[in-house]
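Structure assessment
The chain contents come next:
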Amino acid sequence: MALNKYLDVSPEVAQALAAGTPVVALESTIISHGMPYPQNVETALAVEQIIRENGAVPATIAVIGGRLKAGCTQADIEHLGKAGTSIAKASRRDLAMLCARGQDGATTVTTTMIIAHMAGIRVFATGGIGGVHRGAETTMDISADLEELAHTPVMVVCAGAKSILDLGLTLEYLETHGVPVLGFGTQELPAFYTRHSGFQVDYRVDTPEELADVFRASLELGFPGGMLVANPIPEEYSMDPNVINAAIEEALTQAKAAGIHGKETTPFLLAKVKELTGGDSLDSNIQLVFNNAKVAARTAACLAK
Ligand code: PSU
Ligand code: MN
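Overview of the structure. If you're wondering where the values come from, they're calculated on a predicted model, not measured in any experiment.

Focus: the packing of helix α6 (residues 109-119) against helix α8 (residues 144-151)
Between α6 and α8, whose axes approach to 8 Å, the crossing angle comes to 25 degrees. Judged on the interaxial angle alone, α8 and α6 are roughly parallel. Note on element contacts: α8 touches α6 through Ala 144, Asp 145, Glu 148 and Leu 149, opposite Val 109, Thr 110, Met 113 and Ile 114. When the residues that make up the contact of α6 with α8 are grouped by side-chain class, the tally is 5 nonpolar, 1 polar and 2 charged.

Written out as structure tokens, the structure reads:
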């Protein structure tokens, strides 16, 4: 297969793809912008290990020196983790610039999907996706992640979306753009730190086998888009909704007062929520990513059969 001129697939990932071994993509904005050092690096490496334990090969995705990496080395992950927010947060519109200039970029859900698809990777695990922001009816702040889900055939396993977003409008947008939203073991959209949002998803699916069957059917139908799997945080790690919602409200107020906009909004809100809840939200965040990695690896394994 002729791969893209800017793409580097790591030897291990290339070998797995050639052999039909399951592979799971992982994003890197969660490393650079989503968590502090050194927990970000520890978590990224632990997630790779969980994917291996569940029968798949991990492919952490990033842009390094203008090269689209499908399969980062441990040194790449440490670099992304240490550099943190000094690395560009790379969405679809940033990729050409980073490639042309030979620069580094941390990939969001959007660009991780793009690069995974270029490499031939079907399943991707993360924490949370971007969505329609609260107040989007005037700010028009809608994450490019939703558009990418409509256009790129990769299954994204997340823990739902944080209520820094308007979850109802996010679901409406996904419906309009033809993106199936599957609840894993639930009919309710989970709200990242908590298992409940009050919003219903399209379908409840209870096993990785069934997730693989639905995604295979979508590919066989020739649909260009992806699929969103919403996997609730395990009960024992979920947060008190009152605590987390109060932190989110306060973070939104501070973002507005500080005039934060554009690509800074999501990292600002995530950092504030973390600050306001002490270490608790970080612990929950790490655990839900582990949980998503497990489901993604098992689904990739079923898809590879
Ligand atoms: N939501 C989270 N954690 C994250 C992100 C979102 O709970 O780390 C990151 C992901 O990389 C996602 C990006 O793709 O933020 C969305 O940014 P924006 O809202 O600017 O599209
Ligand atoms: Mn935005």
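That covers the picture; the talk isn't over yet.
Overview of the site of ligand 1
Neighbouring residues of ligand 1: 15 residues in total, closest Glu 27, Lys 89, Ser 143, Lys 162 and Thr 266. Interatomic distance of 2.6 Å between a side-chain N/O atom of Glu 27 and an oxygen atom of ligand 1. A distance of 2.8 Å separates an oxygen atom of ligand 1 from a polar backbone atom of Val 109. For ligand 1, whose unbound accessible area comes to 470 Å², protein coverage reaches 92%. For the shell around ligand 1, the elements supplying multiple residues, two or more each, are α2 (29-32) and α12 (265-276).

As for α6
Judged by how many residues are buried, α6 sits mostly within the fold: 9 of 11 residues are covered. Measuring from the backbone nitrogen of Thr 110 back to the side-chain oxygen at the start of α6 gives 3.2 Å, which picks out Thr 108 as the cap. With its phi angle positive at about 95 degrees, Gly 120 sits one or two positions after the end of α6.

Considering the pairing of strand β11 (residues 227-230)
On β11, burial covers both faces: Met 227 and Val 229 on one face and Leu 228 and Ala 230 on the other are all buried. One ladder, built from 4 bridges, connects strand β8 (residues 155-158) with β11; its direction is parallel. In the strand pairing of β11, Cys 158 is matched with Ala 230.

Comments concerning the packing of aromatic side chains
Geometrically, a pair of aromatic rings is defined through the distance of the ring centres and the angle of the planes. For the coordinates displayed, the defined rule picks out 1 aromatic pair. Geometrically, the ring pair formed by Phe 192 and Tyr 193 is edge-to-face, given 4.8 Å between the ring centres and 85 degrees between the ring planes. For the pair shown, Phe 192 and Tyr 193 are each scored as buried. The positively charged end of Lys 162 is found above the aromatic ring belonging to Phe 192, 3.5 Å away from the centroid.

Section: the pattern of salt bridges
Per the stated rule, a full pass over the model turns up 10 salt bridges. A salt bridge links Arg 52 to Glu 12; its shortest N-O distance comes to 2.7 Å. One end of the pair, Arg 52, is in helix α3 (residues 39-53); the other, Glu 12, is in helix α1 (residues 11-19), and 40 residues separate them in sequence. The closest approach of N and O atoms between Arg 204 and Asp 206, which form a salt bridge, is 2.9 Å. Connected via shared salt-bridge partners are Asp 8, Arg 67 and Lys 69.

Focus: unusual backbone geometry
Of note, the bond from Tyr 37 into Pro 38 is cis; its omega dihedral lies within 30 degrees of zero at 5 degrees. Secondary-structure assignment places Pro 38 in the loop between α2 and α3. One non-glycine residue, Met 140, lies in positive phi territory at about 60 degrees. In this fold, Met 140 is placed in the loop between α7 (136-139) and α8. The phi dihedral of Phe 192 falls on the positive side, at around 65 degrees, and the residue is not glycine. Here Phe 192 is to be found in the loop between β9 (181-184) and β10 (203-205).

Section: the packing of helix α11 (residues 241-257) against α12
At a minimum axis separation of 9 Å, α11 and α12 run at an interaxial angle of 130 degrees. It follows that α11 is oblique to α12 by the angle criterion. Helix-helix and strand crossings are classified by hand; for α11 and α12 the assignment is right-handed. Note on element contacts: α12 touches α11 through Phe 268, Leu 269, Lys 272, Val 273 and Leu 276, opposite Ile 244, Ala 247, Ile 248, Glu 250, Ala 251, Leu 252, Gln 254 and Ala 255. The class makeup of the residues in the contact of α11 with α12 is 10 nonpolar, 1 polar and 2 charged.

A word on the environment of Ala 161
Relative to the helices and strands, Ala 161 is located in the loop between β8 and α9 (167-176). Spatially, the C-alpha atom of Ala 161 lies 25 Å from that of Leu 95, the residues being 66 residues apart in sequence. If we ignore the near neighbours within four places in the chain, the residues touching Ala 161 are Leu 167, Pro 190, Ala 191 and Phe 192.

Cut-offs applied
Residues numbered from 1 in each chain as written. Chains lettered and ligands numbered in written order. Predicted model: local features only at pLDDT ≥ 70, side-chain atom pairs only at ≥ 80, totals over all residues. Heavy atoms only, no water. Axes fitted to C-alpha atoms, helices over the stretch in contact; angles between N-to-C directions. Helix = DSSP H or I, 4+ residues; strand = E, 2+ residues; numbered from the N terminus. Parallel < 35°, antiparallel > 145°, perpendicular 65-115°, else oblique. Contact = heavy atoms within 4.5 Å. Nonpolar A, V, L, I, M, F, W, Y, C, P; charged D, E, K, R; others polar. Near = heavy atom within 4 Å. Polar contact = N/O pair within 3.5 Å; in protein donor to acceptor, adjacent residues only side chain to side chain. Areas by Shrake-Rupley, 256 points an atom, 1.4 Å probe, with all protein chains shown as cover. Buried < 20%, exposed > 50% of the residue type's maximum accessible area, 1.4 Å probe, protein only. Pairing = 2+ DSSP bridges. Phe/Tyr/Trp six-rings, centres within 6.5 Å; stacked < 30°, edge-to-face > 60°. Lys NZ or Arg CZ within 6 Å of the ring centre and 35° of its normal. Salt bridge = Lys/Arg side-chain N within 4 Å of Asp/Glu carboxyl O. Left-handed = near helix turned anticlockwise from the far one by under 90°.

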